[in-house]
Amino acid sequence: MNPITLTIIYFTILMGPMITMLSSNLFIMWIGLEMNLLALIPLMINNSNPRSTEAATKYFLTQATASMILLLSIIMNFKQLGLWTFQPETNDIIMTTTFISLAIKLGLAPFHSWLPEVTQGIKLKVGLILLTWQKVAPLTILYQFYELMNPKMLILSAITSVLIGAWNGLNQTQVRKIMAYSSIAHMGWMISILPYNPSLTLLNLLIYILMTTPMFMIFHAHSFTSINTMSLMWNKMPMALPMISLILLSTGGLPPLTGFLPKWAIITELLKNNNLILATLMAMAALINLFFYTRLIYSTSLTTFPTNNNSKMYIHHNYTKTNNILAPLMILSTMTLPLSPLLL
C-alpha cells in the first residue's frame, strides 16, 4: 500500500477513538466510532484473499449494524429531550439499545460470534489493533453513561462473556481465535465491575492492552498462527520461550504477575458489594482460561514436535529483526504487581 495512504489510515484509526473520548456530544462520539470503523477495513483487505475479504465483510456488516442502532438511540434521545447527551430522564429502552450497540462493537456475549471469525481471517498486526485499540472508544462511551444503564443487564452480559470466552477457547488450535476468545473473556471482566467501580474497568483495559501487545508482536515477528507453528519456537528464537510463557501466565491472571492485579481488584470489589455468586463464577471461569494458556505453554516449551534435521539450524541464523519496544512491554506486562497500592 502507498505510504501516504497508510499514514492517513493509521492517523484516522488513532484519531477516531480520541474524538470519541474527548467529546461530550453523542453525535460527535458516533462520528469518531465511524472513522475508526471505516479506516480499519482497508488494512483488513490489504493483502487481498478470500479469507480476508470475508473477514472485512463480516466486520463491516456487524459494526454498521451496531452504528445504526447507536444512531437510532441518539436520535430517539434527541427527540425525547432535545439534547445531544444522555440524561437521567432518558428512556430505559434508549439506554438498552445503546448498550446493545456498544456490546456488538466490543464483541461482548451474546453478540460475540463475529469476533473470532474476523480475527482469524486477518493479519496478526491488524488483529492486534482490532483486539486492543478498537475497544477504547466503545468502552469510553460506556464509562461515561454506565450510571444510566441497568446494572443487571451489564452483569448478565459480563458473566456470559466470561463463561463463553473461557469455554469456547478450550478446543481452539488457531492462535488468533484463542486470543479473540481471551478478549471476549477480558471484556466480560471489564464490564462486570463497571456498575461498582468504573476506574477498575480502565485499569483492566490498560493492563489487557499491555499484555496483548507483546504477545502479538512475538506472534507477528515469527508468523505464529497455530499451536503447531508455535511448537517450532524453540529452534527459531529460544529466548521467546520464557517470554511468551510469562506473558501467557500473566494474561491468565496467575500471581505474582501483572495480570493478577485487575482480577484481584475486581473480585475484591465484587465481594465488597456482596456479589458473591458473580465473583465465584468469574474466578472459576478464569481457571478455564488459565488452562488453555497453559496448553499453549505446554506445546511451545515442554514438547519437541518431530521435525526434519534442517529445521534445527534456524537457531544459528542471524536474526535481523530488532524490536526495542518488546523488552519494556515485557517488563510492564509481567512485573508491575508491586505497583498495585499506587494503582489502586
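Please read all numbers here as calculations on a predicted model, not as lab measurements. (Residues numbered from 1 in each chain as written. Predicted model: local features only at pLDDT ≥ 70, side-chain atom pairs only at ≥ 80, totals over all residues. Heavy atoms only, no water.)

A look at the packing of aromatic side chains
Summed over the entire model, instances satisfying the criterion amount to eight aromatic pairs. Ring geometry for phenylalanine 27 and tryptophan 30: centres 5.7 Å apart, planes at 20 degrees, overall stacked. Taken together, the residues phenylalanine 27 and tryptophan 30, both in helix H2 (residues 26-44) and three residues apart, mark about one turn of the helix. Its relative accessible area of 17% is what places tryptophan 30 among the buried residues. With 5.8 Å between their ring centres and 55 degrees between their planes, tyrosine 59 and tryptophan 114 make a pair best called tilted. Of this pair, tyrosine 59 sits in helix H3 (residues 50-81) while tryptophan 114 sits in helix H5 (residues 114-121), and the two are 55 residues apart along the sequence. You'll find tyrosine 59 and tryptophan 114 in the same group, each marked buried. Linked through ring pairs, Phe27, Trp30, Phe78 and Trp84 together constitute an aromatic cluster. The ring of tryptophan 189 carries the charged tip of lysine 263 above its face, separated from the ring centre by 5.1 Å. (Phe/Tyr/Trp six-rings, centres within 6.5 Å; stacked < 30°, edge-to-face > 60°. Helix = DSSP H or I, 4+ residues; strand = E, 2+ residues; numbered from the N terminus. Buried < 20%, exposed > 50% of the residue type's maximum accessible area, 1.4 Å probe, protein only. Lys NZ or Arg CZ within 6 Å of the ring centre and 35° of its normal.)

Digging into empty space enclosed by the protein
All chains considered together, the criterion is met by one cavity of 30 Å³ or more. One number sums up the size of the largest cavity: a volume of about 100 Å³. Every residue along the wall of the largest cavity is listed here: Leu33, Asn36, Leu37, Tyr59, Gln63, Lys105, Trp114, Leu130, Gln134, Lys135 and Pro138. Of all the secondary-structure elements, those providing two or more residues to the lining of the largest cavity are H2 and H3. (1 Å grid on protein atoms, 1.4 Å probe; cavity = no way out; pocket = protein on both sides within 12 Å on 5 of 7 lines; lining within 4 Å. Points joined across faces, edges and corners; volume = space filled by probe spheres on them.)

Notes on the nonpolar core
Grouped together as the largest cluster of nonpolar side chains are 83 residues, with contacts concentrated most on Leu40, Met44, Tyr59, Leu130, Leu142, Ile191 and Phe219. At 10 residues, H2 tops the list of elements feeding residues into this core. Not counting chain neighbours up to four residues away, the residues in contact with leucine 40 comprise Ile13, Tyr59, Val126, Ile129, Leu130 and Gln134. In this structure, Ile155, Ile159, Met282 and Leu337 belong to the second largest nonpolar core, which totals 20 residues. (Core = buried A, V, L, I, M, F, W, Y, C linked by side-chain atoms within 4.5 Å. Contact = heavy atoms within 4.5 Å.)

Quick notes on a nonpolar patch on the surface
A cluster of nonpolar side chains, namely Phe11, Leu14, Met18, Met21 and Leu22, defines an oily patch on the protein surface of about 500 Å² accessible area. Along the chain, methionine 21 turns up in helix H1 (residues 3-22). Taking the relative accessible area as the measure of exposure, methionine 21 reaches 32% and is therefore partly exposed. (Patch = residues over 30% accessible without salt bridge, like charges linked within 9 Å, V, L, I, M, F, W, Y side chains within 5 Å. Areas by Shrake-Rupley, 256 points an atom, 1.4 Å probe, with all protein chains shown as cover. Salt bridge = Lys/Arg side-chain N within 4 Å of Asp/Glu carboxyl O.)

As for the UniProt feature "transmembrane region" (unreviewed entry) in the protein chain
Summarizing the sequence annotation, UniProt attributes the feature "transmembrane region" (unreviewed entry) to residues 27-47, 59-78, 93-114, 126-146, 152-171, 202-219, 239-257 and 277-298 in the numbering used throughout. Spanning residues 126-146, this segment combines 76% helix with 0% strand, and its end C-alpha atoms are found 29 Å apart. Within the segment residues 277-298, helix and strand shares are 100% and 0% respectively, and the terminal C-alpha atoms sit 32 Å apart. (UniProt positions renumbered as here; feature names shortened; annotations may be inferred.)

So, the pattern of salt bridges
Throughout the structure, instances matching the rule amount to three salt bridges. With its nearest N and O atoms 4.0 Å apart, the salt bridge here joins glutamate 117 to lysine 58. On the criterion of sequence distance, the pair formed by glutamate 117 in helix H5 and lysine 58 in helix H3 is long-range, its members being 59 residues apart. Relative accessible area serves as the criterion here: at 29%, lysine 58 is assigned to the partly exposed category. Between lysine 177 and glutamate 117 there is a salt bridge, and its shortest N-O distance comes to 3.3 Å. Highlighted residues: lysine 177 in helix H9 (residues 175-192) and glutamate 117 in helix H5, separated in sequence by 60 residues. Taking the relative accessible area as the measure of exposure, glutamate 117 reaches 29% and is therefore partly exposed.

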